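Notes for the structure review
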Amino acid sequence: MSRLSAAQQYLKDGYSVIPVKQGDKTPLVQWEQFQERQPTLEELESWFKQWPNANIGVVTGLVSNLTVIDLDGEKGKQSWAEKAKDL
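These lines cover the structure that appears in this document, whether it is placed above or below. What you see is a predicted model, and the numbers here were worked out from it, not measured in a lab.

Bringing the packing of aromatic side chains into the picture now. Any pair of aromatic rings gets described here by the distance separating the centres and the angle formed by the planes. Overall, the coordinates contain one aromatic pair when judged by the stated rule. Here the aromatic rings of Phe34 and Trp47 are separated by 5.3 Å at their centres, their planes lie at 90°, and the arrangement is edge-to-face. Taken together, the positions of Phe34 in the loop between β1 (16–20) and α2 (41–50) and Trp47 in helix α2 put the pair 13 residues apart, joining distant regions of the chain. Neither residue differs from the other here; Phe34 and Trp47 are each classed as buried.

Written as structure tokens, this is what we have:
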């Protein structure tokens, strides 16, 4: 499956997706607007034509109905465990 096809499937599944640098999380497009709307199929095709090896980033939050908790190392896990006790 090509990256474009994968991005199209994520979009179909309801996620707001953007291209990001390979091996990095840096967006290749001005991504802020995609916190409010999903990209069009035409935008995806244009992006992945320009950057065929780009990774696929998912814009989290309400637009994708997705929340992510990023824990870095043991200290992050311990901090989350302490906070989760109060939930």
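Let us keep going from here.
It is at 10 Å that the axes of helix α1 (residues 3–12) and α2 come closest, and there the two elements cross at 155°. Considered as vectors, α1 and α2 are oriented roughly antiparallel to each other. When the axes of α1 and α2 are compared, the crossing they make is right-handed. Of the residues in α2, those in contact with Arg3, Leu4, Ala7, Gln8 and Leu11 of α1 are Leu41, Leu44, Glu45 and Phe48. Within the contact of α1 with α2, the residues separate by chemical class into six nonpolar, one polar and two charged.

Conventions adopted
Residues numbered from 1 in each chain as written. Predicted model: local features only at pLDDT ≥ 70, side-chain atom pairs only at ≥ 80, totals over all residues. Heavy atoms only, no water. Phe/Tyr/Trp six-rings, centres within 6.5 Å; stacked < 30°, edge-to-face > 60°. Helix = DSSP H or I, 4+ residues; strand = E, 2+ residues; numbered from the N terminus. Buried < 20%, exposed > 50% of the residue type's maximum accessible area, 1.4 Å probe, protein only. Axes fitted to C-alpha atoms, helices over the stretch in contact; angles between N-to-C directions. Parallel < 35°, antiparallel > 145°, perpendicular 65-115°, else oblique. Left-handed = near helix turned anticlockwise from the far one by under 90°. Contact = heavy atoms within 4.5 Å. Nonpolar A, V, L, I, M, F, W, Y, C, P; charged D, E, K, R; others polar.

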